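# Results of the structural survey
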Amino acid sequence: MQAVLGGKINAGDIIVIRYEGPKGGPGMREMLGVTSAIAGSGLSETVALVTDGRFSGATRGFMVGHVAPEAAVGGPIAAVKEGDAITINLETRQINLDISPEEMKVRLAKFTKPEPKYKTGVMAKYVALVGSAADGALTSQPTL
């Protein structure tokens, strides 16, 4: 948000916001604030946002959410560094961090799980139980 409001985002940039998924947020926090700031800066047609968080129906522009596995569990979004090139291909529905497979392995090997924001209480229990956004961010396994 600071980069958008501070005028540090330019046409063609891809903003990556991580640690907002079910475990990292916790709870898949809404990205409407930053997407509104992008639109308010006149960049909604030229800047993309990739996040493991979520979007509401009010979001507009090129936004990719619910990225899984999320950064908090060491998903590829955790490996992104400032200045990395990212390719988003709508036709194949792929997002690629343009680094070598070897570099990806090195970066993910250095990943350390962030300290939990909640160590006790209902939110700590939620983080311990919640699954991936790709599976519905459930806190229990469905029974058939």
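Residues numbered from 1 in each chain as written. Predicted model: local features only at pLDDT ≥ 70, side-chain atom pairs only at ≥ 80, totals over all residues. Heavy atoms only, no water.

### Regarding the sheet that holds strand 2 (residues 48-51)
Formally: Following DSSP output, two strands are said to pair if at least two bridges run between them. Only DSSP runs of H or I reaching four residues or more are called helices, and only runs of E reaching two or more are called strands; each is numbered from the N terminus. Lines are fitted to the C-alpha atoms to define the axes, a helix being fitted only along its stretch in contact, and any angle between axes, read from their N-to-C directions, falls within 0 to 180 degrees.
Pairing is parallel across the open sheet formed by three strands, whose spatial order is 1-2-3. The strands lining the two open edges of the sheet, one partner per strand, are strand 1 (14-17) and strand 3 (62-64). If you compare each strand with its neighbour and ignore which way they point, the axes differ by 15° on average. When strand 1 meets strand 2, the two strands line up parallel, connected through four bridges. Counterpart to I17 in the pairing with strand 2 is T51.

### Observations regarding the environment of G136
Relative to the assigned elements, G136 resides in the segment after helix 4 (121-129). For the pair G136 and A48, spaced 88 residues apart in sequence, the C-alpha to C-alpha distance is 24 Å.

### A word on the pairing of strand 5 (residues 94-97)
For a regular strand, side-chain orientation follows a simple rule: the groups alternate between the two sheet faces. Relative to strand 5, strand 4 (residues 86-89) is paired through four bridges, and the arrangement is antiparallel. In the sheet register, I86 faces strand 5, and the bridge partner there is L97.

### Details of the pattern of salt bridges
Here is the rule we go by: Think of a salt bridge as a Lys or Arg side-chain nitrogen and an Asp or Glu carboxyl oxygen that are within 4 Å of each other. We call a residue buried when its accessible area falls under 20% of the maximum for its residue type, exposed when it is over 50%, and partly exposed in between, using a 1.4 Å probe and counting protein chains only.
Tallied over the entire structure, the rule returns five salt bridges. E30 is paired through a salt bridge with R54; the nearest N and O atoms lie 3.0 Å apart. Remark: R54 occurs in the loop between strand 2 and strand 3 and E30 occurs in the loop between strand 1 and helix 2 (32-40); sequence separation between them is 24 residues. Using a relative accessible area of 27% as the deciding quantity, one classes E30 as partly exposed.

### What to know about helix 2
Side chains that are three or four residues apart share a direction in an α-helix, a result of its 3.6 residues per turn. Put simply, the test is: Residue contacts are defined here by distance: any two heavy atoms, one from each residue, within 4.5 Å place the two residues in contact.
Within helix 2 the residues assigned to the buried category are V34, T35, A37, I38 and A39. On its buried side, helix 2 packs onto helix 1 (2-5), strand 1, strand 2 and strand 3. Of the residues one or two after helix 2, G42 is the one with positive phi, at around 75°.

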